[in-house]
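What follows is the residue order along each chain.
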Amino acid sequence: MDLLECPHCLFPMCEPVTVSCGHTFCRRCVGGYLPSKCPLCKERLKQKEARSTKNNVLLIRVIEKCWPDETRVKCQIQEKLKANEFTEALRMANEGLHLGKGTLKLFRTEANLGLLRFADALTDLDYLCCLQPNWTEGFFRKGNVLLEMGQQKEALIQFHRCLKLQADFVPAKSQIKKVLQVEGVAVPEEVPCILQLVSEFLTDPCPITSLSGSQAPTQGEAKHPNADMREAHKVKHDAGTECCLSLCQAVSFLPAAEEDEEMMMRKDECQGRDLSSALFYEPVTTPCGHTFCKNCIERSLDHNVRCPLCKQPLQEYLKNRKYNPTTLLQDIMEQLFPSQLAERKQVHDAEMAELSNLTKDIPIFVCTVAFPGVPCPLHIFEPRYRLMMRRCMETGTKKFGMCSYEHGKGFADYGCMLEILDMERLPDGRSYVETVGGSRFRVLKRGQRDGYHTADIEYLEDVKVDGSELELLQRLHDSVYQQAQDWYQRVGSRSREHINRQHGSMPDKEADIQASANGPAWCWWLLSVLQLDPAYQTTFLSLTSLKDRLGHLRLVLEYFSQS
């Protein structure tokens, strides 16, 4: 499968590592010469963070399914190389060359370097660089081998080629400086100037990709090192097959060496039912190397800041919130399961459409009484409300209902819609949310979704009047407004400063008292300032007559004035 080639070294991946941007590379590339920016998306990578990321467990299983024999041999050779058993590693690499000339020749190169057989190592590197003419690291390795052999000029040619392929390849830049400074040549910092200087220094350049031995691939041999293996493992599809990527077991949709391919499509039920039992949707890979749907891992982290599978702490992962999809897994699913993935997307889109409905099953935050046009800051820490806030943001509505608690019902019959203005996420998963009140509503039906309350609602608007009724209403309005102003002025200066800081100053009287469906803004401001019983505050929300609301406010102001 071409998808399983490392985008950096272009060889079949060995020990795949998914970095924070969502792209996947070989462990060898990540630990060695990966640039400061991702070669694919150009997102800046933290080298220390990338090196500490564990291997992608799911992709390792995929690779094992595609190339079982080669993968086994590679693991054995790597163990020998880590133990400095270079002779044994060389023997195993030579015996396994028939499985895949590319990466196994690379391991043979490392074994030869360990045995100080530089000529043999150079021969293999020549072969590999011919196969992959854009492999920056390969030319850098050639340059280092040539330096060990005392061929500075030829080494400079390889380092020059590295910088032409990848201008930010710092190791090659450093080696050029070392070689030229020994020759007494001052080296500039800018890469274009370095390239020009090296070109002038090399008075007799030789072909960069020329082979130093007799191992050059012939026309029939110069194909992808695993082309034959790839042909042998093409995956067959059955339109009626049920596909499910396991979260915690080996990937079962790829053929094993001894089993029928279509039978493998039906093997192994998903074990990760506490998170998801469907095909991955927006798969993300944690630093510990495990893969989950984005929504699944977010919901899991709401309750416990550890990987659901290996229990490794994920505080930094939660803090950074870089839930970038693992692009390689997405590409594999698009190629192998296009119809199933399309169905999965339809399910997701239908769920988002359902969550976007602002009259049916709207999310209800049970806490306090909110009022139209009045700010309502919230501290979100419960897992169910973290989920609610995320969904409000993901759907784009940025709205939810606020109701006060009512014994026996769960929440009151009347409430107010809140719109999210700003959301500050804290490193531990909590968040501060700035909201403002919108439309009032009446609850028609109560429900629940994933732990939080929901409701079917109908919106409320004030009944408008005209003629003589409007004149009487206007006089009542002006009278109560003046009464409210008098009360506001009579409160102490310290209390008034506190009110202004918490709620803002008292709104001005509006020219058209029926312009808003909720009536004058100052009424709701006053209700937010006055410390009334929540049940009585809810009564104000239920009133669709401005006259009745003003009448209640007059009685309240008279009570507070007497107090």
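Residues numbered from 1 in each chain as written. Predicted model: local features only at pLDDT ≥ 70, side-chain atom pairs only at ≥ 80, totals over all residues. Heavy atoms only, no water.

1. So, the overall build of the protein chain
At step 1: Looking only at helices and strands, the protein chain features 23 helices and 10 strands.
At step 2: Of the roughly 27100 Å² that the protein chain leaves accessible, carbon and sulfur atoms contribute 49%. (Helix = DSSP H or I, 4+ residues; strand = E, 2+ residues; numbered from the N terminus. Areas by Shrake-Rupley, 256 points an atom, 1.4 Å probe, with all protein chains shown as cover.)

2. Notes on the UniProt feature "domain: RING-type" (unreviewed entry) in the protein chain
At step 1: In the numbering adopted here, UniProt assigns the feature "domain: RING-type" (unreviewed entry) to residues 6–42 and 270–311.
At step 2: A distance of 16 Å separates the end C-alpha atoms of residues 6–42, which is 14% helix and 16% strand. (UniProt positions renumbered as here; feature names shortened; annotations may be inferred.)

3. What to know about helix α7 (residues 118–131)
At step 1: With 14 residues, α7 ought to run about 20 Å at 1.5 Å a step, and its terminal C-alpha atoms sit 20 Å apart, in line with that.
At step 2: Of all the 14 residues making up α7, 11 are buried; the element is thus mostly covered by neighbouring parts of the structure.
At step 3: Among all positions of α7, only Phe 118, Ala 121, Leu 122, Thr 123, Asp 124, Leu 125, Asp 126, Tyr 127, Leu 128, Cys 129 and Leu 131 are buried. (Expected span 1.5 Å × (residues − 1). Buried < 20%, exposed > 50% of the residue type's maximum accessible area, 1.4 Å probe, protein only.)

4. Quick word on the pattern of salt bridges
At step 1: Applying the stated rule across the entire model yields 31 salt bridges.
At step 2: The partner of Lys 322 in a salt bridge is Glu 43, and the shortest N-O contact between them spans 3.3 Å. Here Lys 322 is found in the loop between α15 (315–320) and α16 (327–336), whereas its partner Glu 43 is found in the loop between α1 (27–31) and α2 (47–52), with 279 residues between them in sequence.
At step 3: In this structure Glu 43 comes out as partly exposed when scored by relative accessible area, which is 25%.
At step 4: Linking Glu 382 and Arg 384 is a salt bridge whose minimum nitrogen-to-oxygen distance equals 2.9 Å.
At step 5: The partly exposed category is assigned to Arg 384, whose relative accessible area is 29%. (Salt bridge = Lys/Arg side-chain N within 4 Å of Asp/Glu carboxyl O.)

5. Quick notes on the nonpolar core
At step 1: Formed by 64 residues in total, the largest nonpolar core has its most connected members in Leu 4, Phe 25, Leu 163 and Ile 176.
At step 2: Top element by residues in this core is α7. It accounts for 7 residues.
At step 3: Once you skip the residues sitting within four places of it in the chain, Leu 163 turns out to touch Phe 169, Ala 172, Lys 173, Ile 176, Val 191, Ile 194 and Leu 195. (Core = buried A, V, L, I, M, F, W, Y, C linked by side-chain atoms within 4.5 Å. Contact = heavy atoms within 4.5 Å.)

6. A look at helix α18 (residues 383–395)
At step 1: Taking 1.5 Å per residue, 13 residues should reach 18 Å; α18 reaches 18 Å between its end C-alpha atoms and fits that length.
At step 2: Positive backbone phi, at 90 degrees, marks Gly 396, one or two positions downstream of α18.

7. A few points about empty space enclosed by the protein
At step 1: The final tally for this structure, using the stated rule, is 1 cavity of 30 Å³ or more.
At step 2: Here the largest cavity defines a volume of roughly 60 Å³.
At step 3: Lining of the largest cavity is provided by Leu 355, Leu 358, Pro 363, Arg 391, Cys 392, Thr 395, Thr 397, Lys 399 and Tyr 452.
At step 4: For the lining of the largest cavity, the element with the highest residue contribution is α18, accounting for 3 residues.
At step 5: Residues belonging to the lining of the largest cavity are distributed by class as follows: 5 nonpolar, 2 polar and 2 charged. (1 Å grid on protein atoms, 1.4 Å probe; cavity = no way out; pocket = protein on both sides within 12 Å on 5 of 7 lines; lining within 4 Å. Points joined across faces, edges and corners; volume = space filled by probe spheres on them. Nonpolar A, V, L, I, M, F, W, Y, C, P; charged D, E, K, R; others polar.)

8. Describing the confidence of the model for the protein chain
At step 1: Put simply, the protein chain has an average pLDDT of 85, and 86% of its residues get 70 or more.
At step 2: Throughout residues 204–274 the model reports pLDDT below 50, and contacts reaching past four residues in sequence, or to other chains, amount to 149 contacts. (pLDDT = per-residue confidence, 0-100.)

9. Some points on the pairing of strand β5 (residues 362–366)
At step 1: In terms of burial, β5 is a largely internal element, 5 of the 5 residues being buried.
At step 2: Pairing of β5 with strand β10 (residues 452–460) involves 3 bridges; the strand directions are antiparallel. By the bridge assignment for β10, Ile 362 is matched with Ala 455. (Pairing = 2+ DSSP bridges.)

10. With respect to unusual backbone geometry
At step 1: Positive phi values are uncommon outside glycine, yet Glu 15 reaches one of about 55 degrees.
At step 2: Here Glu 15 lies in the segment before β1 (16–18).
At step 3: Phi at Glu 282 is positive, roughly 55 degrees, even though this residue is not glycine.
At step 4: Classification of Glu 282 as partly exposed rests on a relative accessible area of 28%.

11. A few points about the pairing of strand β8 (residues 414–425)
At step 1: As paired strands, strand β7 (residues 399–403) and β8 are joined by 4 bridges and run antiparallel to one another. Bridging from a neighbouring strand, Phe 400 pairs with Leu 418 of β8.
At step 2: Pairing of β8 with strand β9 (residues 431–449), which is carried by 10 bridges, proceeds in the antiparallel orientation. Across the sheet, the residue bridging to Arg 425 is Ser 431, located in β9.
At step 3: Between the end of β8 and the start of β9, which pair antiparallel, lie 5 residues, with Gly 429 showing a positive phi angle near 100 degrees.

12. Side note on the packing of aromatic side chains
At step 1: The full count for this structure, using the stated rule, is 11 aromatic pairs.
At step 2: When the centroid spacing of 5.1 Å and the interplanar angle of 70 degrees are considered together, the rings of Tyr 536 and Phe 540 count as edge-to-face. Placement of the pair is Tyr 536 and Phe 540 together in helix α22 (residues 534–542), with a separation of 4 residues, close to one helical turn.
At step 3: Relative accessible area serves as the criterion here: at 0%, Phe 540 is assigned to the buried category.
At step 4: Ring-pair connections join several aromatic residues into one group, and the members of that group are Phe 140, Phe 159 and Phe 169. (Phe/Tyr/Trp six-rings, centres within 6.5 Å; stacked < 30°, edge-to-face > 60°.)

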